[in-house]
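Residue-level structure breakdown
The residues making up each chain are set out below.
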Amino acid sequence: MEIRILRYFLEIAREENMTRAAKTLHISQPTLSKQMKELEQELGKKLFRRGSTSMKLTDEGILLRRRAEDILDMVDKTTAEFKSLDEINGGDVYIGCAESYLIRYLAQVIKEFRNEYPLMQYHLLSGNTENVAERLDRGLLDFAFIVEPPNLSKYNYIEVPGSDKWGVVMRKDSPLAGKKKICVEDLYGLPLICSDQAMKADIPRWCGEKVDNLTLTGTLNLVYNGSVFVREGLGYMLAFDKLCNTGNDSDLCFRPLEPPLETKMYIIWKKYQVFSPIAELLLKAIKKP
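Residues numbered from 1 in each chain as written. Predicted model: local features only at pLDDT ≥ 70, side-chain atom pairs only at ≥ 80, totals over all residues. Heavy atoms only, no water.

A closer look at unusual backbone geometry
The omega torsion of the bond from Glu-258 to Pro-259 falls at 0°, within 30 degrees of zero and hence cis. Positionally, Pro-259 belongs in the loop between strand S11 (252–256) and strand S12 (262–263). For Glu-16, which is not a glycine, the phi torsion comes out positive at approximately 55°. Inspection of the secondary structure puts Glu-16 in the loop between helix H1 (3–15) and helix H2 (18–25). Of note, His-26 is a non-glycine position whose phi angle comes to about 60°, a positive value. Summarising the element assignment, His-26 is placed in the loop between H2 and helix H3 (29–43). (Helix = DSSP H or I, 4+ residues; strand = E, 2+ residues; numbered from the N terminus.)

Observations concerning the layout of surface pockets
There is about 250 Å³ of room inside the largest pocket. As for the largest pocket, its lining consists of Tyr-105, Val-109, Glu-112, Phe-113, Glu-116, Tyr-117, Leu-281, Lys-284, Ala-285, Ile-286, Lys-288 and Pro-289. It is helix H5 (residues 104–116) that provides the largest number of residues to the lining of the largest pocket, a total of five residues. Looking at the lining of the largest pocket residue by residue, the class counts come to eight nonpolar, no polar and four charged. (1 Å grid on protein atoms, 1.4 Å probe; cavity = no way out; pocket = protein on both sides within 12 Å on 5 of 7 lines; lining within 4 Å. Points joined across faces, edges and corners; volume = space filled by probe spheres on them. Nonpolar A, V, L, I, M, F, W, Y, C, P; charged D, E, K, R; others polar.)

Some words on empty space enclosed by the protein
Using the criterion set out here, one finds one cavity of 30 Å³ or more in the structure. Considered as a void within the structure, the largest cavity measures approximately 230 Å³ in volume. Forming the walls of the largest cavity are 18 residues, and the residues nearest its centre are Glu-99, Val-147, Trp-166, Ser-195 and Phe-240. Breaking the lining of the largest cavity down by element, the ones donating at least two residues are helix H7 (196–200) and strand S10 (236–240). Here the element with the most residues in the lining of the largest cavity is S10; it accounts for three residues.

Comments concerning the packing of aromatic side chains
For the coordinates displayed, the defined rule picks out five aromatic pairs. Pairing Trp-166 with Phe-240 gives two aromatic rings, centres 4.7 Å apart and planes at 70°, and the pair type is edge-to-face. Here Phe-240 lies in strand S10 and Trp-166 lies in strand S7 (residues 164–171), a separation of 74 residues in the sequence. You can call Phe-240 buried: its relative accessible area is 7%. When the ring centre of Tyr-101 is taken as reference, the NZ or CZ atom of Lys-242 above it lies at 5.6 Å. (Phe/Tyr/Trp six-rings, centres within 6.5 Å; stacked < 30°, edge-to-face > 60°. Buried < 20%, exposed > 50% of the residue type's maximum accessible area, 1.4 Å probe, protein only. Lys NZ or Arg CZ within 6 Å of the ring centre and 35° of its normal.)

Describing the pattern of salt bridges
Taken as a whole and assessed by the stated rule, the structure comprises 20 salt bridges. The shortest N-O distance in the salt bridge between Arg-171 and Asp-173 comes to 2.8 Å. For Asp-173, a relative accessible area of 55% translates into the label exposed. A salt bridge links Lys-200 to Asp-196; the nearest nitrogen and oxygen atoms lie 3.0 Å apart. Pair noted here: Lys-200 and Asp-196 are both in helix H7, with a separation of four residues, about one helical turn. (Salt bridge = Lys/Arg side-chain N within 4 Å of Asp/Glu carboxyl O.)

Rendered as structure tokens:
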């Protein structure tokens, strides 16, 4: 299975049309069609459902698309790393970030770092800790910023200064908006929106067995999207402070939990990882006190 053929396959998957994909790839449509048939024969599976004007992926095609995207991400990252070996003034760094206001620490480091290495480009992938750690494990990221204690058998880490404060994001016309702090009993019977990760790890740290009295009606991995649901009256969101607009110009507000609940953030990278030159320089900058 050639890298070039995987790129052709992904272009067809994006266009859902052989003719348009061939035009984009600057090859003839019969040649592209022949190569896809050979790919299907090699794998022993049909990858497309062919219609009169469109091509849709089969279940096997969807699986190959996911694998091909990961393979090509790795190929492109490796190519960029080798190009940067002779170009220490620049290069690409790939960073996974869980949602946290503490990410400003990374922004501050990169801002100063780019004064010395202006050709450095950073690529941020946002997601929950599980998402970014998985991509780090597959070699698609150089570092990850996570909001739970790292697995010390797999990763080296740095603890980010500061901590995130938990609270409830709600509409300003909510009955709870009049409270300065929110205790667990205030939330009984209310529809709650929270990340699955937090409901399993963070919230039980706050309220113990009382977590069983809470009603989780929706999960999320991006607070902004959750804030839209809160605004539409779908519930109350348990989240970190400062991740969505709850200021005077917003119809939402944030109230901290009582007793207070805080979460630390960590920068992790794989043990024995070999970095590109620019990524190694950035790590040294991150480690500076």
